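So you can see what is in the structure, the chains are spelled out below.
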Amino acid sequence: MSVNNYIKHNILRVQEHKLNSIIHFYNKVCGMVYECKTVSNNDYPYCSDGKLHLFTYKHTDTQTNTHSPTSVCFVVEKTKFSVSYRNQGYWKIGLVLQDVNKAVKYLNKEGVSVGPGSQFVDVGFLTSLCDPQGHCIELLQDTFEGNFKERKEKGGPLDQPYLPTLGQITIRCADAEKTCKFYSEVLGMKLLCTEVPGNRYPFTLYFFAYTQETPPRADDLAAVENREWTYQRPYCQIEIQHRHNTSSDFAYVTGDEQGAGTLGHAGFALHVEKELLQEIAGKCEGAHVLGENLVYLEDPDGYLIQLSSD
């Protein structure tokens, strides 16, 4: 799989009067590089004012990290929209860190409300918070609590010894078999890891990415050994949660036309090579082709996906 195939950005909406707070939070507090990009409204139908506000953890040494980073992308929405709603499909982004509690201490000093990290069964050491618009962010340590080794270096974003990674975009699905087939066979992503926390938490997590890498236990993707390895990857994954106790006719609200009004999550964007873009467009009924380098489609649950090859 080519490194030219990657998750480009997660697209979230922000109210106009909260844009400056969002810029301060992601740029000044979280240490992401901020860029305002002008785009065509015809090519970006979810972008009313023709501007994308992009926040990215960018490596300066491209020789040691050849993977393109994933951005958090905000678009200004002038009408009312919902960040939290019934049967919500979109969940969160995950920032992967070396030391979650060091980040918590730093954020608390910056006036951000977030509690200390804790080990959630054999899934990970984590905590969560909301950005100024109310979008959920998970802080995920790249090692379990029992394997953590404190490092003295500091001074980087979120007071970390090395650059954080936007590691996960997390969504929920109604039919795991159908959704996994779409991400692997249609989009061409690789399933790296599955996680079942146990009977107390009846759900399964699936982690998909564009990569040629193979997890330590490729023979058993549910093996615990694959989990820290997955979190330590230098590229973003689509994390999909499937809840086991949903009925066969259950559907998540994932799009603006499904009864909850305009949603805080607009979709996500993938960059793929032109050959793969054309192949995907040919497999998807209802794909909206805006040119040889730009296609819009929806996954089985209705999440909007932008595919570009420019």
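Scroll up to find the structure.
This structure is a prediction, so every number in the text was calculated from the model and none was measured.

A. A look at the pairing of strand β16 (residues 304-308). With four of five residues buried, β16 is to be regarded as a mostly interior element. Where strand β13 (residues 265-271) meets β16, four bridges bridge the pair, whose relative direction is parallel. Each bridged residue has a counterpart across the sheet, and for Leu270 the counterpart in β16 is Leu307. Here strand β15 (residues 294-298) runs beside β16; their pairing, made up of five bridges, is antiparallel.

B. Geometry of the sheet that holds strand β12 (residues 237-243). Read from one edge of the open sheet, eight strands run β6-β7-β8-β5-β9-β12-β11-β10, paired in mixed fashion. Taken across any chain shown, the strands that pair with only one partner, and hence form the sheet edges, are β6 (118-120) and β10 (190-195). On average, each strand axis in the sheet is inclined to that of its neighbour by 35 degrees, with strand direction left out of account. Sheet analysis places strand β5 (residues 90-97) next to strand β9 (residues 165-173), joined by six bridges and oriented antiparallel.

C. Structural context of helix α2 (residues 100-109). Considered for burial, the residues of α2 that qualify are Val100, Lys102, Ala103, Val104 and Leu107. Those residues of α2 that are buried lie in contact with α1 (19-29), β5, β7 (124-130) and β8 (136-141). Where α2 begins, one side-chain oxygen reaches toward the backbone nitrogen of Asn101, 3.3 Å away; that side chain belongs to Asp99.

D. Seen up close, the environment of Ala266. Looking at the secondary structure, you find Ala266 in strand β13. Note: C-alpha distance between Ala266 and Phe125 (141 residues apart in sequence) is 29 Å. Setting aside residues no more than four positions away along its own chain, Ala266 makes contact with Ile11, Arg13, Tyr46 and Leu304.

E. Spatial organisation of the state of the cysteines. Taken as a whole and assessed by the stated rule, the structure comprises zero disulfides. Free cysteine Cys136: the closest other cysteine sulfur is in Cys130, separated by 5.4 Å. Here Cys284 stays free of any disulfide, with the sulfur of Cys180 as its closest cysteine sulfur at 16 Å. With relative accessibility at 13%, the residue Cys284 sits in the buried group.

F. Spotlight on the environment of Ser184. Within the fold, Ser184 resides in helix α3 (residues 176-186). Through-space distance from the C-alpha of Ser184 to that of Asn41 is 30 Å; in sequence the pair is 143 residues apart. When sequence neighbours within four positions are dropped, the list of residues in contact with Ser184 reads Met189 and Phe208. Engagement of the side chain of Ser184 in a polar contact is seen with the backbone oxygen of Lys181, the distance being 3.4 Å.

G. Region of the structure containing the sheet that holds strand β14 (residues 288-291). With respect to topology, eight strands assemble into an open sheet ordered β2-β3-β4-β1-β13-β16-β15-β14, the strand pairing being mixed. Single-partner strands in this sheet number two, and they are β2 (33-38) and β14. The average angle at which neighbouring strand axes cross in this sheet is 25 degrees, direction not considered. Along the sheet, helix α5 (residues 274-283) contacts β14, β15 and β16; its crossing angle with β15, the most-contacted strand, is approximately 40 degrees.

H. Layout of the packing of aromatic side chains. Tallying each qualifying case throughout the model produces twelve aromatic pairs. Ring geometry for Phe182 versus Tyr183: centroids 5.3 Å apart, planes at 80 degrees, classification edge-to-face. You can call Tyr183 buried: its relative accessible area is 0%. Measuring from centroid to centroid gives 5.9 Å for Tyr183 and Phe208, while their planes differ by 35 degrees, and the two rings are tilted.

I. How the structure looks around the nonpolar core. The biggest cluster of nonpolar side chains holds 61 residues, and the ones touching the most others in it are Tyr26 and Tyr183. Among the elements that line this core, the one with the most residues is α1, at six residues. Not counting chain neighbours up to four residues away, the residues in contact with Tyr26 comprise Gly31, Met32, Phe55, Val72, Phe74, Ile93, Asp131 and Ile137. In terms of nonpolar packing, the next biggest core, distinct from the first, is built from 14 residues, Leu192, Cys193, Phe203 and Ala209 among them.

J. The arrangement of unusual backbone geometry in detail. In the Ramachandran plot, Leu158 falls in the positive-phi region, its phi being about 60 degrees despite a non-glycine side chain. Within the secondary structure layout, Leu158 lies in the loop between β8 and β9. The exposure class assigned to Leu158 is buried, which follows from its relative accessible area of 1%. Backbone geometry at Asp159 places phi at a positive 60 degrees, although glycine is not the residue there. Relative to the helices and strands, Asp159 is located in the loop between β8 and β9.

Rules of the game
Residues numbered from 1 in each chain as written. Predicted model: local features only at pLDDT ≥ 70, side-chain atom pairs only at ≥ 80, totals over all residues. Heavy atoms only, no water. Buried < 20%, exposed > 50% of the residue type's maximum accessible area, 1.4 Å probe, protein only. Helix = DSSP H or I, 4+ residues; strand = E, 2+ residues; numbered from the N terminus. Pairing = 2+ DSSP bridges. Axes fitted to C-alpha atoms, helices over the stretch in contact; angles between N-to-C directions. Contact = heavy atoms within 4.5 Å. Polar contact = N/O pair within 3.5 Å; in protein donor to acceptor, adjacent residues only side chain to side chain. Disulfide = S-S within 2.5 Å. Phe/Tyr/Trp six-rings, centres within 6.5 Å; stacked < 30°, edge-to-face > 60°. Core = buried A, V, L, I, M, F, W, Y, C linked by side-chain atoms within 4.5 Å.

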